[in-house]
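Secondary and tertiary structure notes
The chain contents come next:
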Amino acid sequence: MTGQAPIEQGDIGKAKQAAISDALERAALFAGVRVTSQQQLVAGVMQQHQLTLDSSSEIREIRLLNEHYNNDMVTVTLQAEILLQQQSCDGAEQKKPLLLAQVALGARQDAVYGQLFALDKNITAQLSRHMQDYSPALFVTTLDYSIQPAAMSNKVNRQFFSDGQQFVLLTNISDLSLGKKISRFWQDDRYQRYFALDVSLFDLFNNQIIYQQQYRTQADWQAETAIAGSHSQQFWQQPYGQKIDTVLKAVAKDLQQQTQCQGLLAQVSHIDQHQLAIDKGSRQGLKAGDSITVMQIQRFAGKDGLEKLHKSPINLKLTDVSTDTAWASASTPTLLSHLQIGDLISIGNPGL
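Below: a short report on this structure.

Conventions we followed
- Residues numbered from 1 in each chain as written.
- Predicted model: local features only at pLDDT ≥ 70, side-chain atom pairs only at ≥ 80, totals over all residues.
- Heavy atoms only, no water.
- Buried < 20%, exposed > 50% of the residue type's maximum accessible area, 1.4 Å probe, protein only.
- Helix = DSSP H or I, 4+ residues; strand = E, 2+ residues; numbered from the N terminus.
- Contact = heavy atoms within 4.5 Å.
- Phe/Tyr/Trp six-rings, centres within 6.5 Å; stacked < 30°, edge-to-face > 60°.
- Lys NZ or Arg CZ within 6 Å of the ring centre and 35° of its normal.
- Salt bridge = Lys/Arg side-chain N within 4 Å of Asp/Glu carboxyl O.
- Patch = residues over 30% accessible without salt bridge, like charges linked within 9 Å, V, L, I, M, F, W, Y side chains within 5 Å.
- Areas by Shrake-Rupley, 256 points an atom, 1.4 Å probe, with all protein chains shown as cover.
- Core = buried A, V, L, I, M, F, W, Y, C linked by side-chain atoms within 4.5 Å.
- Pairing = 2+ DSSP bridges.

1. Things to note about unusual backbone geometry
- Even without being glycine, Gln115 reaches a positive phi, approximately 55°.
- Classification of Gln115 by relative accessible area gives partly exposed; the value is 46%.

2. A closer look at the environment of Gly281
- Within the secondary structure, Gly281 is located in the loop between β14 (275-278) and β15 (291-301).
- Expressed as a C-alpha distance, the spacing of Gly281 and Ala326, which sit 45 residues apart in the sequence, is 5.1 Å.
- Among all residues touching Gly281, those that are not within four sequence positions of it are Leu286, Val321, Ser322, Thr323, Asp324 and Thr325.

3. Brief notes about the packing of aromatic side chains
- Under the definition given, this model contains four aromatic pairs.
- Pairing Trp221 with Tyr240 gives two aromatic rings, centres 5.3 Å apart and planes at 80°, and the pair type is edge-to-face. Of the two residues, Trp221 is situated in strand β12 (residues 208-222) and Tyr240 in helix α6 (residues 239-259); the sequence distance between them amounts to 19 residues. Note on accessibility: Trp221 and Tyr240 belong to one class, buried.
- A network of ring pairs unites the aromatic residues Trp221, Phe235, Trp236 and Tyr240 as a single cluster.
- Sitting over the face of the ring of Trp221, Arg193 holds its NZ or CZ atom 4.3 Å from the ring centroid.
- Across the ring face of Tyr134, the terminal group of Lys253 is positioned such that the distance to the ring centre comes to 5.0 Å.

4. Focus on the pattern of salt bridges
- Taken as a whole and assessed by the stated rule, the structure comprises six salt bridges.
- Across the pair Asp324 and Arg283 runs a salt bridge whose closest N-O atoms are separated by 2.8 Å. A residue pair is termed long-range when its members are at least 10 positions apart, and Asp324 in the loop between β17 (314-321) and β18 (326-329) and Arg283 in the loop between β14 and β15 qualify at 41 residues.
- A relative accessible area of 34% places Arg283 in the partly exposed class.
- Note that Lys287 and Asp290 form a salt bridge whose closest N and O atoms lie 3.6 Å from each other.
- Lys287 sits in the partly exposed class, given a relative accessible area of 44%.
- In this structure Asp290 comes out as buried when scored by relative accessible area, which is 17%.

5. Section: a nonpolar patch on the surface
- The grouping of Val112, Tyr113 and Phe117 at the surface amounts to a nonpolar patch, some 250 Å² of accessible area in total.
- Position of Phe117 relative to the elements: it lies in the loop between β7 (104-105) and α2 (119-134).
- Using a relative accessible area of 35% as the deciding quantity, one classes Phe117 as partly exposed.

6. Comments concerning the nonpolar core
- Within the largest apolar cluster, 36 residues are counted, with the highest numbers of intra-cluster contacts made by Ile123, Met131, Leu169, Ile173, Leu176, Phe195 and Leu197.
- Residue assignment for this core shows that the elements contributing at least two residues are β6 (96-100), α2, β9 (167-175), β11 (190-203), β12, α5 (233-237) and α6.
- For this core, the element with the most residues is α6, which contributes eight residues.
- Residues Ile314, Leu316, Ile345 and Ile347 belong to the second largest nonpolar core, which totals 18 residues.

7. Concerning the pairing of β6
- Extensive coverage of β6 is indicated by the burial of five of its five residues.
- Neither face of β6 is open: one carries Lys96, Leu98 and Leu100, the other Pro97 and Leu99, and all of them are buried.
- Bridge analysis of β6 against strand β8 (residues 138-142) gives five bridges, and the strand direction is parallel. Across the sheet, the residue bridging to Leu98 is Val140, located in β8.
- Taken together, the three bridges between β6 and β9 define a ladder with parallel strand orientation. Paired with Leu100 across the bridge in β9 is Leu169.

Put into structure tokens, the structure is as follows:
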């Protein structure tokens, strides 16, 4: 796995260790290990995340294969042996569909400093890239417009769900303000600048928010170099851009923890004796030969208005998998007797 970290104040050793930690965290996430993400706070501002594996897993051996230094960044490639004492959860190998709405620019009045009016689009693209690296439990689709949380009505949720999505992520930049001036009168103008991102993760099946958090950070802001704009590499290499990038990585890691053990929801599209087809495939991480456990979600609603799980899990084997379709077989046709075309099933963790 490859990891990166910025070189701050010329401290190459510290940056190298941070890059190694970054690579190890990516490796652990892709291995399906539950990682405890501990935020280090200084005066209420997030600085970094520390890696802690679950008690049933450990990193046995690390081999540093390559290290590269360029543009105040260090990049390392390493090989790690991660010992899994037990499978952390059943849903870790499937990619659950998530719709990433464009980040909303709530603090638009402060975007005038540095002309950061395109920051919403650029942060959306950056967050999507980090989710590919740090959120292996998710298959991400992006929208080119933002959605306000109040607009997530039952009707909208069901439409997104019927379109094949399982989660929706809504984010809002709520603070871009300048703090006090920190430069001397003979120096170029430098200020403290703040950044806050509000995050809400919607579970479309259960029609509720399952994770909500505000991430805050701050850094030096040099007005004369910031005019390059948030689309440029120059912006992301400045202290302010680097701190925002740290926040986006933290969001991606936390989303992984929230969704890693969720079951993948799929719809039965065809039944043929002892085989059935579902509307999920290799795009969601399914592979031919996989043994899966499915749980039927009943069509009718219970007294509390929520759809219920059928309490008899079925063990199936995937026989043929394409991009968005998979066929699975059961040992006997009777195991599929209570399933119908259109039924919703959960693959992996049934604890919805």
